[in-house]
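Per-entry structural report
Here are the chains, one letter per residue:
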Amino acid sequence: QARQSADAAVRRPTDLFYDKIIPALKEQGITRATSRKEWPHDVLRNVFQQLLLETPRDLVSRQMWASCASSAELWNKTTT
């Protein structure tokens, strides 16, 4: 049961992005129906910076560690 609640708490990257971009676009008076090509670059850049600050620095290494069945497999992945 604890595993199920932990999985439910993990959000998809696109959900995290849209949770930030939609309010930022609304502040600029832009609706979600507007083509993404027309979204202001400064708004996109600001949202990207916010997401960078919220992302753990060791995310890739955590993913590699989680995908390995043993410490030897992790060692092979990180040294080759």
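Now for a description of the structure that goes with this document.

The rules behind these values
Residues numbered from 1 in each chain as written. Predicted model: local features only at pLDDT ≥ 70, side-chain atom pairs only at ≥ 80, totals over all residues. Heavy atoms only, no water. Axes fitted to C-alpha atoms, helices over the stretch in contact; angles between N-to-C directions. Helix = DSSP H or I, 4+ residues; strand = E, 2+ residues; numbered from the N terminus. Parallel < 35°, antiparallel > 145°, perpendicular 65-115°, else oblique. Left-handed = near helix turned anticlockwise from the far one by under 90°. Contact = heavy atoms within 4.5 Å. Nonpolar A, V, L, I, M, F, W, Y, C, P; charged D, E, K, R; others polar. Salt bridge = Lys/Arg side-chain N within 4 Å of Asp/Glu carboxyl O. Buried < 20%, exposed > 50% of the residue type's maximum accessible area, 1.4 Å probe, protein only.

The subject of this paragraph is the packing of helix H2 (residues 13–27) against helix H3 (residues 41–54). Where H2 contacts H3, the two axes come as close as 10 Å, and the packing angle between them is 140 degrees. When the interaxial angle is binned, H2 and H3 end up oblique. Our pair here, H2 against H3, has a crossing hand that is right-handed. When H2 is examined against H3, the residues Leu16, Phe17, Lys20, Ile21, Ala24 and Leu25 are found in contact with a partner set consisting of Val43, Leu44, Val47, Gln50, Leu51 and Glu54. The residue makeup of the contact of H2 with H3, split by class, is 9 nonpolar, 1 polar and 2 charged.

Its place among the elements puts Ser71 in helix H5 (residues 71–79). Spatially, the C-alpha atom of Ser71 lies 45 Å from that of Leu25, the residues being 46 residues apart in sequence.

What follows covers the pattern of salt bridges. Counted by the stated rule, this structure contains 4 salt bridges. For Asp19, the salt bridge goes to Arg11, with nearest N and O atoms at 2.7 Å. When its relative accessible area of 41% is taken as the criterion, Arg11 is described as partly exposed.

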